[in-house]
Amino acid sequence: MFVLRVHSVDDNHPITIEEAGFCTVSSTATRSRANPNPKFSERRGLVHLFRGTSQSYQQNPNSRSTCIFVVAVPNYLSSDEFVRFCGSHIDHVEELIFIRNDAMEDRYSVLIKLVDQLTADEFYSNLNGKRFSPAEAEVCHMLFMLSVEYTELAEIASTPPAGFTELPTCPICLERLDPDTSGILSTICDHSFQCSCTAKWTVLSCQVCRFCHQQDERPTCSVCGTVENLWVCLICGFVGCGRYKEGHAVRHWKDTQHWYSLDLRTQQIWDYVGDNYVHRLNQSKADGKLVEMNSPCMSHEAHCGTCECSEDSGISGALFNSKVEAIVDEYNRLLATQLETQRQYYESLLAEAKSKRESLIPETVEKAVASKMQDIQNELDICEEAKKAVADVNPLTTHFRSVILFFFWGVGGCYLMLLIETF
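Fair warning: this is a prediction, and the values are worked out from it, not measured in the lab.

Chemist: Would you take a moment to explain the packing of aromatic side chains for this structure?
Modeler: For any pair of aromatic rings, geometry is given as the distance between the ring centres together with the angle between the planes. Counted by the stated rule, this structure contains 9 aromatic pairs. Look at F82 and F98: their rings are 6.0 Å apart centre to centre, the planes differ by 80 degrees, and that puts the pair in the edge-to-face class. On the criterion of sequence distance, the pair formed by F82 in helix 2 (residues 79–86) and F98 in strand 6 (residues 93–100) is long-range, its members being 16 residues apart. Residues W270 and Y277 carry aromatic rings whose centres are separated by 4.8 Å and whose planes lie at 80 degrees to one another, so their mutual orientation is edge-to-face. Exposure remark for W270: the relative accessible area of 8% places this residue in the buried category. Among the aromatic residues, ring-to-ring pairing joins F82, F85, F98, Y108 and F132 into one connected group. The ring of Y150 carries R43 above its face, with NZ or CZ at 4.0 Å from the centroid.

Written out as structure tokens, the structure reads:
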């Protein structure tokens with residue numbers, strides 16, 4: 001189920017619709033439910049669309065309601081023309097509100113309240129997925145609304161209710177998502193780069209589609225400026241680099257809780273919370289074209305046999321190969337990142353060992369020089385002690401020699417005098 005919040009400071013302004021000019025043919029039971037005086041009004045505001053995160057909300061019959069939201073109506077279709085597009089079902093409309101945004105000149109949205117659930121189911125089954133004009137590519141996409149809220153505060157309007165996540169309101173971006181995520185069951189156009197419908201819908205308003213459509217421009221990361229591995233947020237159009245660069249796209253998701261991001265290189269959409277790809281279109285390597293996922297059957301009876309859900313039409317093989325290649329590409333990037341991290345780690349270890357070795361060389365030399373100088377100092381101290389010992393012994397020896405010489409000099413003199421007297 002979906003929830004709609006409209007950031008608007010405006011009120012509903014009643015508008016007059018011209019006579020549709022068609023004839024209503026219906027049963028008595030249907031005529032009894034008709035509303036002869038439907039309310040038509042218009043207001044201006046910014047629409048925020050939220051989806052319940054439960055995987056079973058689409059299969060639950062209670063997820064339907066009497067309130068239907070038409071995601072986008074091309075601006076070339078006037079209010080009167082949209083009423084004529086609804087045909088005889090307009091007889092069962094209780095209220096119809098045209099919601100316009102001045103920033104989106106190429107489209108507007110419509111909120112429709114039906115008289116009961118049966119007429120709402122008929123309105124949905126007959127008009128959902130129908131072209132607005134046979135000559136144009138735009139398709140009417142409808143969603144059942146659980147609730148609709150109007151607020152003057154932008155912060156409240158952009159905050160998801162508990163258990164819900166925000167979806168893009170651009171019809172092209174919604175069609176890029178798989179049916180379980182977007183609630184859009186089928187598409188007609190593959191939205192290639194040069195197709196006319198993309199230019200008609202989004203050249204003025206959707207930044208995501210402008211990046212995909214205008215290939216001559218080279219977008220850059222809004223934070224670091226890199227041009228490689230870029231992802232664009234489907235909700236607000238923020239461009240950030242992937243987790244294998246600086247990871248600014250991941251940080252944007254953590255800051256804003258915008259789950260879905262589109263890879264500008266492969267056109268594939270990643271769900272950060274589910275941690276998987278949720279894109280509808282996958283590139284086939286057989287012919288290089290985009291192929292669409294099989295839409296799940298929305299009938300309450302198994303194997304209805306009236307829709308294309310039971311037909312393979314050769315798409316499953318291309319889809320399988322595309323998914324496998326996307327996973328292989330993801331793991332190759334992860335492996336390259338891990339190898340780069342390991343290389344940087346071991347290079348840091350080598351640099352640290354080299355730096356440690358270079359720092360130890362002066363310290364080792366200093367210790368060796370200090371040890372050698374200590375040895376020399378010890379030898380010098382020993383020599384000084386020996387010199388001092390020799391110096392202490394030397395004065396006694398000189399005195400003893402003087403005494404002996406004096407003695408022998410005295411004895412010799414006496415002997416000489418005796419000889420003189422004798423002769």
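Chemist: I tried to follow the sheet that holds strand 8 (residues 142–151) on my own but got confused; where do I start?
Modeler: Pairing in this open sheet of 9 strands is mixed, and the strands run 2-3-6-7-5-8-1-4-9 from one edge to the other. Sheet topology places strand 2 (13–14) and strand 9 (164–167) at the edges, where each strand pairs with a single neighbour. Lying over the sheet, helix 3 (residues 117–127) contacts strand 5 (67–74), strand 6, strand 7 (107–114) and strand 8, oriented at roughly 115 degrees with respect to strand 8.

Chemist: Mind showing me how you'd approach the pattern of salt bridges here?
Modeler: Proximity of charged atoms lets side chains of opposite charge pair with each other. Enumeration according to the criterion identifies 8 salt bridges in this entry. A salt bridge links E228 to K245, with the shortest nitrogen-to-oxygen separation between them at 2.8 Å. With a gap of 17 residues between them, E228 in the loop between helix 8 (207–213) and strand 10 (230–233) and K245 in the loop between strand 11 (239–241) and helix 9 (248–256) connect regions that are remote in the sequence. Given a relative accessible area of 44%, E228 falls into the partly exposed group. On the basis of relative accessibility, which here comes to 40%, the residue K245 falls in the partly exposed class. The residue E347 makes a salt bridge to R343 at a minimum N-O spacing of 2.7 Å.

Chemist: Even after reading the chapter, I still don't get the nonpolar core, so can you show me in this structure?
Modeler: Soluble globular proteins tend to pack their nonpolar side chains together in the buried interior. In this structure, L49 and M145 are the most contacted members of the largest nonpolar core, which totals 45 residues. In this view, M145 contacts M1, F2, V3, L4, L49, S65, C67, F69 and L111; residues no more than four positions away in its chain are not counted. Judged by nonpolar contacts, the second largest core, of 27 residues, contains C86, I90, Y108 and I112.

Chemist: Explain the sheet that holds strand 13 (residues 269–271) to me, please; I cannot follow it from the model alone.
Modeler: Backbone-to-backbone hydrogen bonds pair the strands of a sheet. The strands run either parallel or antiparallel. Here 5 strands make up an open sheet; going across it, the order is 11-10-12-13-14 and the pairing antiparallel. Looking at strand neighbours, the two that pair on one side only are strand 11 and strand 14 (276–277), the edges of this open sheet. Pairing between strand 10 and strand 11: 3 bridges, direction antiparallel. Directly across from W231, in strand 11, lies its bridge partner G240. Strand contacts of helix 9: strand 10 and strand 11, with the helix running at about 125 degrees to strand 11, the strand carrying the most contacts.

Chemist: Would you take a moment to explain helix 9 for this structure?
Modeler: Count 3.6 residues to each turn of an α-helix, and residues three or four apart come out pointing the same way. Among all positions of helix 9, only H248, A249, V250, H252 and W253 are buried. Looking at the packing, one finds that the buried side of helix 9 touches strand 10 and strand 11. Of the residues trailing helix 9, Q257 is marked for its positive phi of about 60 degrees.

Calculation rules
- Residues numbered from 1 in each chain as written.
- Predicted model: local features only at pLDDT ≥ 70, side-chain atom pairs only at ≥ 80, totals over all residues.
- Heavy atoms only, no water.
- Phe/Tyr/Trp six-rings, centres within 6.5 Å; stacked < 30°, edge-to-face > 60°.
- Helix = DSSP H or I, 4+ residues; strand = E, 2+ residues; numbered from the N terminus.
- Buried < 20%, exposed > 50% of the residue type's maximum accessible area, 1.4 Å probe, protein only.
- Lys NZ or Arg CZ within 6 Å of the ring centre and 35° of its normal.
- Pairing = 2+ DSSP bridges.
- Contact = heavy atoms within 4.5 Å.
- Axes fitted to C-alpha atoms, helices over the stretch in contact; angles between N-to-C directions.
- Salt bridge = Lys/Arg side-chain N within 4 Å of Asp/Glu carboxyl O.
- Core = buried A, V, L, I, M, F, W, Y, C linked by side-chain atoms within 4.5 Å.

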